[in-house]
Amino acid sequence: MNMKSLVLPTILFVAALLLPSCSYHYDRVTFDRVGRMPAGKKTIPYIAIDTNDTLGSWGGEVKSIKPYNVLALYVDYTFRIASAEFTKVTVTYADGSVDPGIAALKLPMRVGLSVYEVRKPTSSGTEVVADSRRLEALFPGVITRDEPFSLLIEGKFIKDNGAVIPFKIKEKYHISRDKRKEGWVEYLNHC
């Protein structure tokens, strides 16, 4: 028997033995907004909490790593907003303490909007290009505890013509924890 004909079966055999033994250990947190954002036509950024999740390859840990970041996102389809200025960011826990990670922020912080292009294929085989301006502001390391908190962000959008649109975001978040063990096959089924 030739050596080349043994390589693929050997690889498949080893993979069949190793992959089922690979498991993932979860230790993740998720911060969920309490209640719903009120419907309206307010011009405010969308807020997301980045828990810096890591993923081990071929088994390992799926883990959230403190401190966590806050992201402010906004898409302007009108091409009228040039930048945003954030003047206040506060993370307050249920015991009334303010997160010390806020002290590292340099406020006021001004962030420009960048042009963002999306290409969408149509049924006729052509592409439609949609442009917008996009804001992505990062507030790194401002959540240092795995506890419910209230978030306050104040600032303003600055239009191309110099006009100002103030905004204030006040949201509460609760925490959910995902601690479990899962085999490689189950992990792939969730993808």
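Along each chain, residue indices are assigned from 1 in the same order as the chain's sequence is written. Local features in this predicted model are restricted to residues whose pLDDT is 70 or higher, and side-chain atom pairs enter the listing and the counts only when it is 80 or higher, whereas totals over whole chains, interfaces and linings include all residues. Hydrogens are left out, water is left out, and the side-chain values use all remaining heavy atoms of the structure.

1. Comments concerning the overall build of the protein
Each helix is a run of H or I in the DSSP string that is no shorter than four residues. Each strand is a run of E no shorter than two, and both are numbered from the N terminus. Counting its secondary structure elements, the protein contains two helices and eleven strands. Traced from its N-terminal end to its C-terminal end, the protein shows the element sequence α-β-β-β-β-β-β-β-β-β-β-β-α. Out of the 191 residues in the protein, the part that is buried amounts to 32%. Only heavy atoms matter for contacts: two residues are in contact if any of them lie within 4.5 Å across the pair. A fraction of 70% describes how many contacts in the protein between residues 6 or more apart in sequence connect residues 24 or more apart. Computed by Shrake-Rupley with a 1.4 Å probe, the accessible areas treat only the displayed protein chains as cover when residues are assessed. Accessible surface for the protein amounts to roughly 12,200 Å². Of this, 58% is attributable to carbon and sulfur atoms. Relative accessible area decides the class of each residue, using a 1.4 Å probe on protein chains only: under 20% of the type maximum gives buried, over 50% gives exposed, and in between gives partly exposed.

2. Focus on the packing of aromatic side chains
Only centres within 6.5 Å qualify two rings of Phe, Tyr or Trp (six-membered ring in Trp) as a pair; their planes then separate them into stacked at under 30 degrees, edge-to-face at over 60, and tilted for everything else. Within this structure, the stated rule accounts for eight aromatic pairs. Centre to centre, the rings of Tyr-74 and Phe-157 are 4.8 Å apart; their planes meet at 40°, and the pair counts as tilted. Taken together, the positions of Tyr-74 in strand β5 (residues 68–76) and Phe-157 in strand β10 (residues 149–159) put the pair 83 residues apart, joining distant regions of the chain. A residue is classified by how much of its surface remains accessible, and Tyr-74, at 17% relative accessible area, is buried. Here Phe-157 and Phe-167 contribute two aromatic rings whose centre-to-centre distance is 5.0 Å and whose plane-to-plane angle is 45°, an arrangement assigned as tilted. Here the residue Phe-157 occupies a position in strand β10, and Phe-167 occupies one in strand β11 (residues 164–183), the gap between them amounting to ten residues. Grouped by ring-pair contacts, the aromatic residues Phe-31, Tyr-68, Tyr-93, Phe-149 and Tyr-173 constitute a single cluster. Geometrically, a lysine NZ or arginine CZ counts as sitting over a ring once it is within 6 Å of the ring centre and also within 35 degrees of the ring normal. We note Arg-134 situated over the ring of Tyr-116; from NZ or CZ to the ring centre the distance is 4.6 Å. Directly above the ring of Tyr-26 sits Arg-180, whose terminal nitrogen or CZ lies 3.9 Å from the centroid.

3. Side note on the environment of Lys-63
Summarising the element assignment, Lys-63 is placed in strand β4 (residues 60–63). The class of Lys-63 is partly exposed, set by a relative accessible area of 32%. Put simply, Lys-63 and Asp-53 are ten residues apart on the chain and 5.3 Å apart in space, counted from C-alpha to C-alpha. Setting aside anything within four residues of it in sequence, one finds Lys-63 in contact with Asp-27, Arg-28, Asn-52, Asp-53 and Thr-54.

4. Thoughts on the sheet that holds strand β2 (residues 46–50)
Criterion used throughout: strands pair if DSSP finds at least two bridges between them. On the basis of which strands lie adjacent, the open sheet formed by four strands has the order β2-β5-β9-β8 and antiparallel pairing. In the strand order of this sheet, the two ends are held by β2 and β8 (114–121), each with one partner. If you compare each strand with its neighbour and ignore which way they point, the axes differ by 35° on average. Both β5 and strand β9 (residues 127–143) contribute to a ladder of eight bridges, which runs antiparallel. Pairing of Leu-71 across the sheet is with Leu-138, part of β9. Note on geometry: axes are lines fitted to C-alpha atoms, helical ones only across the stretch in contact, with angles between N-to-C directions running from 0 to 180 degrees.

5. Remarks on the nonpolar core
As used in this record, nonpolar core signifies buried Ala, Val, Leu, Ile, Met, Phe, Trp, Tyr and Cys residues forming a set joined through side-chain atoms within 4.5 Å. Within the largest apolar cluster, 31 residues are counted, with the highest numbers of intra-cluster contacts made by Phe-86, Phe-139, Ile-143 and Ile-153. Here the element with the most residues in this core is strand β6 (residues 81–93); it accounts for six residues.

Spatial relationships are all this shows, so hold off on functional conclusions.
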